2 protein chains.
Amino acid sequence: MINKRGCPYGTHRVIEPKGTLPQAAKKIDNTMEIYTNEILIDVKTLNVDSASFTQIKESCNKDIECMKKTILSIVNERGKLQNPVTGSGGMLIGIVEEIGSDLKTDLKVGDKIATLVSLSLTPLKIDEILNIKIDADQVDIKGKAILFETGIYAKLPDDIPEKLALAVLDVAGAPAQVNKLVKEGMTVAIIGAGGKSGLLCCYQAMKNVGSSGRVIAIEYSQENAEKVKKLNLAHDVIVTDATKPVEVYNEFLKVTGGKLADVTINNVNVPTTEMSSILITKDEGIIYFFSMATSFTRAALGAEGVGKDVTMIIGNGYTKGHAELSLNILRESKEIRKLFEEKYC
Amino acid sequence: MINKRGCPYGTHRVIEPKGTLPQAAKKIDNTMEIYTNEILIDVKTLNVDSASFTQIKESCNKDIECMKKTILSIVNERGKLQNPVTGSGGMLIGIVEEIGSDLKTDLKVGDKIATLVSLSLTPLKIDEILNIKIDADQVDIKGKAILFETGIYAKLPDDIPEKLALAVLDVAGAPAQVNKLVKEGMTVAIIGAGGKSGLLCCYQAMKNVGSSGRVIAIEYSQENAEKVKKLNLAHDVIVTDATKPVEVYNEFLKVTGGKLADVTINNVNVPTTEMSSILITKDEGIIYFFSMATSFTRAALGAEGVGKDVTMIIGNGYTKGHAELSLNILRESKEIRKLFEEKYC
């Protein structure tokens, strides 16, 4: 161990350009000797971000040896697996090997964890690539990685298969934010209710509103809408296109008898669904945008354009206790677990 | 008056494409007979959005006759002054001529108002263009406009010159949101403190935090920083580049003795200042992004990347009472009024 505390954000490992954070850096120091506030991980598997993995796969015409070479050369050059074309990373699974003496953590050496910070900022050294699972965007390796003091992670549980846990951890922020915002008796709209993140949000919202509240699921696909209905994850399900605000607004009012939503959660991964979210939310209500397709200006100008006094929140994938909360949904709901097992295992 | 109530959002005036809101529409109905929930305005001046005005000016090589023709042809074609290239509008000043019988409003016929909804969604008919003030982005006209039920406006006060009032109304949402978020004793960071919106936010924050709180202004330009200091609008002023998160973070900790902000207000109109905002805000703190240069994904992924449990809010230019609150700042602070008069009158 280096007898020094690093910056909590990892800037002490930035080689160039100086003054940037590790994610924005071109090259970071991947010396596998930890500072007193870092954690050393014995890496088993890299879950490469889908955009990055696809780019590497296509540039190599699916040739495994070429993909191995590409991955090794990125990590050798940058000290991290940040795809230079897509800018994205992924996450990793490994075993805790050493814990810095200055860290307060619930981890023990030997714990199996998934890092929840991006590989695009994680110091990584690969000794050998053992296997590439080309249909799962996964790379099994021999190697090590470093977690900074602010790096977030989840202990992988014994009672949930690894892939299932990862699929849920990937969107853990969404149901956890729902849990923070949704109170008893509220009217809650979940747009994009039938996807992975939407189903978890519906479950949490139904739990929080209690018997006096109401959860309205809005979903584009008839098939996904059926899932929501079958699993009883909403009081009402509207099948409609969230890019059509006037339609969504009219359907919503019909279902609620003229009431607007206290809280609206947007999980739709297509652009231009901001206005629907704004129209169905009441004055002084809250809209939580989880979709990466959200446009800041469309939301800001949209609310002003219709004189809507709503609080619009940028989805933060991290909030305290989010991993535990989302894994618990799998423990509480056999139906969701079964559905996710069919899809992600 | 047409003896019918229109949609509060004005969709009853959309000609094409059907099913869209007036802002997204290609053409809206600008018949100057009002529905029972609309207001008819006798328009005096159009304050054209700067992007739109510049585009028209440049495409006409500053020829006034050409500019007149362009503006008339846009309004004839679309029923509203929405620049087809920039998509933007502006606002207007006029006199209330008729008020729909179904409306509850504090307005009277004869009141002078500024509309605070965009011209990109406001039905407008121009009889004649009287004058184009080429350096002020203003167009004096004879004509009429319609305000929908949800359309927001401000009565223009007698005690504040029109241009000064408009300059402040343009950013009225910012200090009003500060007033909602900032409580006594808080540590507040205002990034981009020396601009128009920043100064108003500083004033409101100083008022709200009281003697036990602290306002820290962050400003790029030395000249603007001096203004903040001279007017006593912050306890500390940091002159630094908000696109450099590590620098901002270190300077901030130095000034506060290691404390992070409870609330951070970002008013900077250049890209990539999200990370600075995130780093200087404490866990469970709030960041309010007012800048249209904010990137939704940079903010969302940035907070997750450093494991920061902050609430990030998309700036909403409208909140109840925002016009009155911001105009009152000019009444309360002679210094800010003087500064703004020099700049905007």
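Residues numbered from 1 in each chain as written. Chains lettered and ligands numbered in written order. Predicted model: local features only at pLDDT ≥ 70, side-chain atom pairs only at ≥ 80, totals over all residues. Heavy atoms only, no water.

A. Examining the sheet that holds strand β12 (residues 261–266) of chain A more closely. Read across the open sheet, the twelve strands follow the order β11(A)-β10(A)-β9(A)-β12(A)-β13(A)-β14(A)-β14(B)-β13(B)-β12(B)-β9(B)-β10(B)-β11(B); overall the sheet is mixed. Since the sheet does not close on itself, it has two edges, and those belong to β11 (236–239) of chain A together with β11 (236–239) of chain B, each with one partner. Along the sheet, successive strands turn relative to each other by an average axial angle of 20°, direction set aside. Of the pairings in the sheet, the one linking strand β10 (residues 214–219) of chain B to β11 of chain B comprises four bridges and is parallel in character. (Pairing = 2+ DSSP bridges. Helix = DSSP H or I, 4+ residues; strand = E, 2+ residues; numbered from the N terminus. Axes fitted to C-alpha atoms, helices over the stretch in contact; angles between N-to-C directions.)

B. Region of interest: the interface of chain A and chain B. The interface is formed by 46 residues belonging to chain A together with 46 residues belonging to chain B. Contact with chain B buries surface across chain A, with Y9, F296 and I314 of chain A losing the most and accounting together for 19% of the total. Taken together, chain A and chain B are joined by six salt bridges. Viewed at the interface, chain B and chain A are joined by 14 residue pairs in polar contact (both at pLDDT 80 or more). Where the side of chain A that touches chain B is concerned, the elements lending two or more residues are α7 (245–256), α8 (274–279), β13 (281–289), α9 (296–305) and β14 (311–314) of chain A. Split by residue class, the side of chain A that touches chain B holds 25 nonpolar, 14 polar and seven charged. Two elements, β14 of chain A and strand β14 (residues 311–314) of chain B, share three bridges in a ladder whose sense is antiparallel. Bridging across to β14 of chain B, I313 of chain A finds its partner in I313 of chain B. (Contact = heavy atoms within 4.5 Å. Buried area = accessible area lost by both parts, 1.4 Å probe. Salt bridge = Lys/Arg side-chain N within 4 Å of Asp/Glu carboxyl O. Polar contact = N/O pair within 3.5 Å; in protein donor to acceptor, adjacent residues only side chain to side chain. Nonpolar A, V, L, I, M, F, W, Y, C, P; charged D, E, K, R; others polar.)

C. A look at the relation of the copies chain A and chain B. The transformation that overlays chain A on chain B combines an axial shift of 0.0 Å with a rotation of 180°, and the residual RMSD is 0.1 Å. Both copies of the chain, as the preceding transformation shows, are related through a two-fold rotation axis. Identified as the residue of chain A closest to the rotation axis by C-alpha distance is I313 of chain A, at 2.3 Å. Here 98% of the interface residues in chain A have copies in chain B that are interface residues too; the copies meet face to matching face. (Least-squares fit on C-alpha atoms with pLDDT ≥ 70 in both.)

D. Quick peek at the sheet that holds strand β4 (residues 90–99) of chain B. Residues and elements named next belong to chain B. Read from one edge to the other, the open sheet built from six strands follows the order β6-β7-β3-β4-β5-β8, with strand pairing classed as antiparallel. Of all strands in the sheet, those with a lone pairing partner are β6 (124–133) and β8 (153–155), marking the two edges. When strand polarity is set aside, the average angle formed by the axes of neighbouring strands in this sheet is 30°. As paired elements, strand β5 (residues 112–115) and β8 share three bridges and run antiparallel to each other. Bridge assignment links I113 to a residue of β8, and that residue is K155. Packing of helix α2 (residues 64–78) onto the sheet brings it into contact with β6 and β7 (138–147), and relative to β6 it is tilted by some 160°.

E. Structural context of the domain arrangement of chain A. As far as domains go, chain A holds domain 1 (11–156) and domain 2 (173–344). Between the C-alpha centres of domain 1 of chain A and domain 2 of chain A the distance comes to 32 Å. (Domains from an automatic or database assignment.)

F. Broad picture of the state of the cysteines. All names here are of chain A. Taken as a whole, this structure holds two disulfides over all chains when the rule is applied. At a sulfur-sulfur separation of 2.1 Å, the disulfide partner of C60 is C66. Residues C60 and C66 share a disulfide whose torsion about the S-S bond is about -70°; that sign makes it left-handed. On the accessibility criterion, C66 (26% relative accessible area) is partly exposed. Unpaired in this structure, C202 has its nearest cysteine sulfur neighbour in C201, at a distance of 7.2 Å. Among the residues examined, C202 registers a relative accessible area of 0% and is labelled buried. (Disulfide = S-S within 2.5 Å. Buried < 20%, exposed > 50% of the residue type's maximum accessible area, 1.4 Å probe, protein only.)

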